There are 2 protein chains.
Amino acid sequence: MIYVIGIGSGEKDSMTFEAWAALERCDVILGYRKYIELIRNYFPGKTFREYSMREEVKRCEYALKISRENPEKIIGLISSGDSGIYGMAGLILELADGDSQIEIIPGVSASSICASILGAPLMNDYVVLSLSDLLTSWEIIERRIRAACLGDFVICVFNPVSKSPKRRENFRRACEIILEYKTPDTPCGFVRNGGRDGESCEIMTLSEIADYELDMFCTLIIGNSQSRIINGKFVTRRGYDM
Amino acid sequence: MIYVIGIGSGEKDSMTFEAWAALERCDVILGYRKYIELIRNYFPGKTFREYSMREEVKRCEYALKISRENPEKIIGLISSGDSGIYGMAGLILELADGDSQIEIIPGVSASSICASILGAPLMNDYVVLSLSDLLTSWEIIERRIRAACLGDFVICVFNPVSKSPKRRENFRRACEIILEYKTPDTPCGFVRNGGRDGESCEIMTLSEIADYELDMFCTLIIGNSQSRIINGKFVTRRGYDM
């Protein structure tokens, strides 16, 4: 049995009872090094296997291999946030054959965690978009940014930048494109390490966002025409009569 | 103190430890009748106040009133899924003044629950869209459907239909619009009562979806050009080299 587990922020508080119980049952837990570090101390004595970024296929193949060779073993494959959103759920289902026993255990997504810290920016229709061009071409990303703006969606951006200078340039370009459609005073906010040690957040306007030093542990939310700053919180109005 | 709590599916398994602990601390818990029913038995002896649909403003005003009059009281305002996604988080922040103590506690969204049951359809950029025209005009909804298609986004549809015949007609119209952009064999799936008693799900193609009898407890996911049915599961490919 392979559990694909979303661990939320990585703090116990942010996990579901189902995710916790699945982790407790695992014989071995696989994941990206940083996420293993977040949960290791909750499960002393358990076997963990840490992987680097970009070793996603390797992780899944290893999980499938031990599952085939030891059908009685319980294997956990962890993702931060929700395992089904830019997590490991899709890849393992792509690589598995019909006999593999796989259960996807969802978690609180980084977008939900980020939104709750900033206020309530996702109260209206929204887009979730990754700016990583490792697996998606910049042409497709740009087309999606424009479409998201045409629909006046709130935009939740995963992986806004990485260590690469090219990605930082892409982020600047993304901000410029969005400014073609949304007004400069559109509320925006980002959260770094949401819901865990080192959490920080900032609220600013769209015209200011390109000047902030984001990193790959940031989730960014860009408002729509109904977004406001209310008592210091970033809120997108749903449209209730009040 | 007012906690705005996302209860996931409503089953304990689907709640976070943080949500559970907040519910335990509450003196009174307010919510839509159906969601109160889901959690009432977990907290015997606690005071609950049930509301009808469309009494969202009333609920928030009551919570703010008792919080002002009894600052020592702990009030819980619950939403299914994540409280920050079409839930109560935005409205209470709109109605509150700067002195109100409000904490938003996110939960596992209906989109994440639905995706995990169907497979992994949200592995690539996606849109979350409500078809309810109570608070958003059909013109805006239609513009958003078209934008979501132009961006080749996966589309997660909340409130696909309601009891009203007009909404059923809107749903048919939405399917027709999406068929102008996406191929008829695009994978789709919906889940009813995801993660709780009475759960059911179906996977079908876009050309078939309008014939299904959905209701307001269904969450629907419509694939993009990278979505496939793999071993009976609905998966959107992320684009890894394999």
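Predicted model only: the values in this text are computed from it and were never measured.

S.K.: Provide a residue-level description of the pattern of salt bridges, including the pertinent values.
M.R.: Applying the stated criterion across every chain, the model contains 26 salt bridges over all chains. Here B:Glu213 ties to B:Arg168 by a salt bridge, and the two come within 3.3 Å at their closest N and O atoms. In this pair, B:Glu213 is assigned in the loop between helix H8 (206–209) and strand E11 (218–222) and B:Arg168 in helix H7 (residues 165–181), connecting sequence segments 45 residues apart. Ionic pairing is found between B:Arg192 and B:Asp215, a salt bridge with its closest N-O pair at 2.8 Å. Remark: B:Asp215 occurs in the loop between H8 and E11 and B:Arg192 occurs in strand E9 (residues 187–192); sequence separation between them is 23 residues. A cluster of three or more residues bridged by salt bridges with shared partners is formed by A:Arg33, A:Arg40 and A:Glu50.

S.K.: Requested: an account of the relation of the copies chain B and chain A, with residues and values cited.
M.R.: The two chain copies are related to each other by a rotation about an axis together with a translation along it. You can overlay chain B on chain A at an RMSD of 0.0 Å; the transform is a turn of 180 degrees with a shift of 0.0 Å along its axis. Interpreted geometrically, this transformation is the action of a two-fold axis. An overlap of 100% is found between the interface residues of chain B and their copies at the interface of chain A, pointing to a shared contact surface.

S.K.: Please set out the interface of chain B and chain A residue by residue, giving values where relevant.
M.R.: On the side of chain A, 64 residues touch chain B, which itself brings 64 residues to the contact. Summed over both partners, the interface of chain B with chain A buries about 6,000 Å², with 61% contributed by carbon and sulfur atoms. Interface area lost by chain B to chain A is led by B:Phe17, B:Arg144 and B:Tyr240, which between them contribute 13%. Inspection of the region where chain B meets chain A yields 26 residue pairs in polar contact (both at pLDDT 80 or more). In terms of residue count, helix H4 (residues 89–95) of chain B provides more of the side of chain B that touches chain A than any other element does, six residues in total. A breakdown of the residues in the side of chain B that touches chain A according to their chemical character gives 31 nonpolar, 18 polar and 15 charged. Of the strand pairs in this sheet, strand E7 (residues 126–130) of chain A and strand E7 (residues 126–130) of chain B are connected by three bridges, and their pairing is antiparallel.

S.K.: Which residues make up the packing of aromatic side chains, and what values do they have?
M.R.: Applying the stated rule across the entire model yields 15 aromatic pairs over all chains. Geometrically, the ring pair formed by A:Tyr42 and A:Phe43 is edge-to-face, given 6.4 Å between the ring centres and 75 degrees between the ring planes. By relative accessible area, A:Tyr42 is classed as partly exposed at 30%. What makes A:Phe43 buried here is its relative accessible area of 5%. Measuring from centroid to centroid gives 5.7 Å for A:Phe190 and A:Tyr212, while their planes differ by 70 degrees, and the two rings are edge-to-face. On the criterion of sequence distance, the pair formed by A:Phe190 in strand E9 (residues 187–192) and A:Tyr212 in the loop between helix H8 (206–209) and strand E11 (218–222) is long-range, its members being 22 residues apart. Joined through ring pairs, the aromatic side chains of A:Phe17, A:Trp20, A:Tyr42, A:Phe43, B:Phe17, B:Trp20, B:Tyr42 and B:Phe43 make up one cluster.

S.K.: So, the nonpolar core: which residues are in play, and what are the values?
M.R.: In this structure, A:Ile145, A:Ile155, B:Ile145 and B:Ile155 are the most contacted members of the largest nonpolar core, which totals 56 residues. Setting aside anything within four residues of it in sequence, one finds B:Ile155 in contact with B:Val127, B:Leu129, B:Ala148, B:Cys149, B:Ile178, B:Lys182, B:Leu220, B:Ile221 and B:Ile222. Formed by 40 residues, the second largest nonpolar core is a distinct cluster that contains A:Phe17, A:Ile39, B:Ala22 and B:Cys26.

S.K.: Quick one: what's the story with helix H6 (residues 138–150) of chain A, residue by residue and with numbers?
M.R.: In this model H6(A) runs 18 Å from its N-terminal to its C-terminal C-alpha over 13 residues, within 8% of the 18 Å that 1.5 Å per residue would give. Within H6(A), burial applies to A:Trp138, A:Ile141, A:Glu142, A:Arg144, A:Ile145, A:Ala147, A:Ala148 and A:Cys149. Residues of H6(A) that are buried in the fold lie against E7, strand E8 (154–158) and helix H7 (165–181) of chain A together with helix H6 (138–150) of chain B. A positive backbone phi angle near 50 degrees is found at A:Asp152, which sits one or two residues after H6(A).

S.K.: Quick rundown of H7(A)? Include the residues and the values.
M.R.: Three or four residues apart is the spacing at which side chains of an α-helix point the same way, because the helix has 3.6 residues per turn. Residue and element names in this part refer to chain A. In this model, H7 (17 residues) spans 25 Å end to end at C-alpha, consistent with the 24 Å of a helix rising 1.5 Å per residue. Burial in H7 covers these residues: Arg167, Asn170, Phe171, Ala174, Cys175, Ile177 and Ile178. One side of H7 holds all its buried residues, which, seen down the axis, span an arc of 165 degrees. The exposed set on the far side of H7, more than 90 degrees from its buried face, consists of Pro165, Lys166 and Glu180.

S.K.: Could you give an account of the confidence of the model for chain A, with specific residues and numbers?
M.R.: Per-residue confidence for chain A gives a mean pLDDT of 96; residues scoring 70 or more make up 100%. The ipTM assigned to the predicted complex is 0.97, against a pTM of 0.97.

S.K.: Now, about the sheet that holds strand E13 (residues 233–236) of chain B: what can you tell me, with residues and values included?
M.R.: Strand pairs in the sheet, formed through backbone hydrogen bonds, run parallel or antiparallel to each other. Taken in spatial order, the three strands make up an open sheet running E6-E13-E12 (chain B), and their pairing is mixed. Of all the strands in the sheet, just strand E6 (119–120) and strand E12 (227–230) of chain B have a single pairing partner and so form its edges.

S.K.: Which residues make up unusual backbone geometry, and what are the values?
M.R.: All names here are of chain A. If you check the backbone angles, Asp152 has positive phi at about 50 degrees while not being a glycine. With respect to the secondary-structure elements, Asp152 resides in the loop between H6 and E8. Exposure remark for Asp152: the relative accessible area of 14% places this residue in the buried category. Although it is not a glycine, Asn159 sits at a positive phi angle of roughly 50 degrees. Assignment of secondary structure puts Asn159 in the loop between E8 and H7. Owing to a relative accessible area of 26%, Asn159 belongs among the partly exposed residues under this scheme.

S.K.: Explain the pairing of strand E3 (residues 47–51) of chain B residue by residue, including any values.
M.R.: Where strand E2 (residues 28–32) of chain B lies against E3(B), five bridges are found, and the strand directions are parallel. Bridge pairing in E3(B) places B:Leu30 opposite B:Arg49.

S.K.: Mind laying out the sheet that holds strand E2 (residues 28–32) of chain A, listing which residues take part and the relevant values?
M.R.: Residues and elements named next belong to chain A. Spatially, the five strands line up as an open sheet ordered E3-E2-E4-E1-E5, and their pairing is parallel. Each of the sheet's edge strands pairs with one partner strand only, and the pair in question is strand E3 (47–51) and strand E5 (102–105). For this sheet, the mean angle separating the axes of adjacent strands, direction not counted, is 20 degrees. As paired elements, strand E1 (residues 2–6) and E5 share four bridges and run parallel to each other. The residue bridging Ile5 from the neighbouring strand is Ile105, located in E5.

Definitions and limits used
- Residues numbered from 1 in each chain as written.
- Chains lettered and ligands numbered in written order.
- Predicted model: local features only at pLDDT ≥ 70, side-chain atom pairs only at ≥ 80, totals over all residues.
- Heavy atoms only, no water.
- Salt bridge = Lys/Arg side-chain N within 4 Å of Asp/Glu carboxyl O.
- Helix = DSSP H or I, 4+ residues; strand = E, 2+ residues; numbered from the N terminus.
- Least-squares fit on C-alpha atoms with pLDDT ≥ 70 in both.
- Contact = heavy atoms within 4.5 Å.
- Buried area = accessible area lost by both parts, 1.4 Å probe.
- Polar contact = N/O pair within 3.5 Å; in protein donor to acceptor, adjacent residues only side chain to side chain.
- Nonpolar A, V, L, I, M, F, W, Y, C, P; charged D, E, K, R; others polar.
- Pairing = 2+ DSSP bridges.
- Phe/Tyr/Trp six-rings, centres within 6.5 Å; stacked < 30°, edge-to-face > 60°.
- Buried < 20%, exposed > 50% of the residue type's maximum accessible area, 1.4 Å probe, protein only.
- Core = buried A, V, L, I, M, F, W, Y, C linked by side-chain atoms within 4.5 Å.
- Expected span 1.5 Å × (residues − 1).
- Arc of directions from axis to C-beta.
- pLDDT = per-residue confidence, 0-100.
- Axes fitted to C-alpha atoms, helices over the stretch in contact; angles between N-to-C directions.

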